[in-house]
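Summary of the model geometry
Each chain, letter by letter, is given below.
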Amino acid sequence: MDRSDEHSARANAENTAMLRALQIAASNGVPYGPNPRVGCVLLRPDGTTIAEGCHRGAGTPHAEIDALTQAGAAARGATAVVTLEPCNHTGRTGPCSQALRAAGVARVVYAQADPNPIAAGGAAALRSAGVDVERGPFAEQAQALNEYWTFAVTHGRPYVTWKVAASLDGRVAAPDGTSRWISGPDSRAQAHELRAQVDAILVGTGTALTDDPALTVRDADGHPAQRQPLRVVVGHRPIPPGARLLDGSAPTLTLATHDPAQVLSTLAEREVRHVLLEGGPTLAGGFCAAGLVDEVRWYVAPMLLGAGLAALTGTGLETLTGAWRLSVVGVSQVGADVRIDLRPHSNVSAAETFTTTQSPRSS
């Protein structure tokens, strides 16, 4: 085999390994939390696999360490194919760049450069130690795998998803204040699936006092999930001791402020990466006016109320030219409801296209 054939065979083996590493990272069951999903595959010089590893959450071994532990002495001279640039930072665990060097890994191929300024620099550290390092393909796939984490570490604040359930005429409650249930059971099931994927659920004191929500993740039978996101209540009014938000079924944080930027700054300090905004129209209006909503999931129920609480208030907008304009990135039917996924124009990449799905069922 000549040199060009060897290079082609190596590239094919590394590309196959990277796709496998992405698959491992996506299936490790940790879609939330302060750390990214990462997969690692160790290859022998002939391109066969030695070991695979993934990161399973904060405080657990990183993907590289997981793979190195399984490989043992066989890691010497190997190629490490990793979805994210090896970290160069000591936190709950040591730097992966140092562990790879110590194990005698000869080559490292990574997909996404580490956007976290605290942990970045692993590629440069490895190169300076004589390790062959290459930025490989599939960077977009790796970034998509960690969309919310990447956003949070590059913007210094959590990614905010605003979830709304409204009537056809944009009402989230009837004139008498009743709002259960505007959306149907399939939409509510999807809402619980979304809650399960975020780090925090955010409401204002108005919603907390009017609706007395639990803000927990529950299955179709009403049973609570093992892992519950942080419940966050924003505002100055006190929550009564008997409120369900204070029942101990999930951690709860109260923030005596109406400043959306201050709320997100506090949550960023707690390593919250993805926030679900479920608050009422006033809180949502404050976040929209501050430009701090990154994604909207809007459920439209096939009903007309004619009056009642509007989905959004307090934006400060007075003319049509100042309207907050969004791009539709997906439309689907969920039971009797219609779900519309939207993003501000600045958050829509060229790769995203409008999609329509007929009558999906929530799992």
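Further up the page is the structure itself.
A brief structural summary. (Residues numbered from 1 in each chain as written. Predicted model: local features only at pLDDT ≥ 70, side-chain atom pairs only at ≥ 80, totals over all residues. Heavy atoms only, no water.)

For the rest of this paragraph, the subject is the pairing of strand 3 (residues 79-84). Of all 6 residues in strand 3, 6 are buried, a share of seventy percent or more. Summarising the sheet, strand 1 (residues 39-43) and strand 3 pair through 4 bridges and their orientation is antiparallel. Following the sheet pairing, Val41 is matched in strand 3 by Val81. Bridge count between strand 3 and strand 4 (residues 107-112): 5 bridges; the pairing is parallel. The residue bridging Val82 from the neighbouring strand is Tyr110, located in strand 4. (Buried < 20%, exposed > 50% of the residue type's maximum accessible area, 1.4 Å probe, protein only. Helix = DSSP H or I, 4+ residues; strand = E, 2+ residues; numbered from the N terminus. Pairing = 2+ DSSP bridges.)

Before going further, it helps to spend a moment on the side chain of Glu278. Position of Glu278 relative to the elements: it lies in the loop between strand 11 (274-277) and helix 10 (281-289). Excluding residues that lie within four positions of it along the chain, Glu278 makes contacts with Lys163, Arg195, Ile201, Leu202, Val203 and Leu215. (Contact = heavy atoms within 4.5 Å.)

With that settled, consider the nonpolar core. In this structure, Trp162, Leu202, Val232, Leu267, Val275, Leu277 and Phe287 are the most contacted members of the largest nonpolar core, which totals 27 residues. Look past the residues within four positions of Leu267 in its chain and what remains in contact with it is Pro158, Leu230, Val232, Leu253, Val272 and Val275. Counting 25 residues, the second-largest nonpolar core is a separate cluster that includes Ala63, Ala80, Leu100 and Val153. (Core = buried A, V, L, I, M, F, W, Y, C linked by side-chain atoms within 4.5 Å.)

In total, this model carries 14 salt bridges according to the counting rule given. As a salt-bridge pair, Arg20 and Glu52 come within 3.0 Å of each other at their nearest N and O atoms. Within this pair, whereas Arg20 is found in helix 1 (residues 3-26), its partner Glu52 is found in strand 2 (residues 49-54), the two being separated by 32 residues in sequence. What makes Arg20 partly exposed here is its relative accessible area of 32%. Across the pair Glu278 and Arg195 runs a salt bridge, and its minimum N-O distance is 2.9 Å. Separated by 83 residues along the polypeptide, Glu278 in the loop between strand 11 and helix 10 and Arg195 in helix 7 (residues 185-195) bring together distant segments of the chain. Residue Glu278 is classed as buried on the basis of its relative accessible area, which comes to 14%. Under the relative-accessibility criterion, Arg195 is labelled buried at 10%. By sharing partners, the salt bridges in this structure join Arg10, Glu14, Arg107, Asp132 and Glu134 into a single network. (Salt bridge = Lys/Arg side-chain N within 4 Å of Asp/Glu carboxyl O.)

The residue Gln112 is located in strand 4 in this model. By relative accessible area, Gln112 is classed as buried at 4%. Reaching out from Gln112, the side chain makes a polar contact with the side chain of Thr150 at a distance of 3.1 Å. Setting aside residues no more than four positions away along its own chain, Gln112 makes contact with Thr83, Leu84, Glu85, Arg135, Ala139, Ala142, Gln143, Asn146 and Thr150. (Polar contact = N/O pair within 3.5 Å; in protein donor to acceptor, adjacent residues only side chain to side chain.)

Bringing the sheet that holds strand 4 into the picture now. A sheet is described by the order of its strands in space; here 5 strands give the open sequence 2-1-3-4-5, paired in mixed fashion. Single-partner strands in this sheet number two, and they are strand 2 and strand 5 (132-135). Neighbour to neighbour, the strand axes of the sheet diverge by 15° on average, direction disregarded. (Axes fitted to C-alpha atoms, helices over the stretch in contact; angles between N-to-C directions.)

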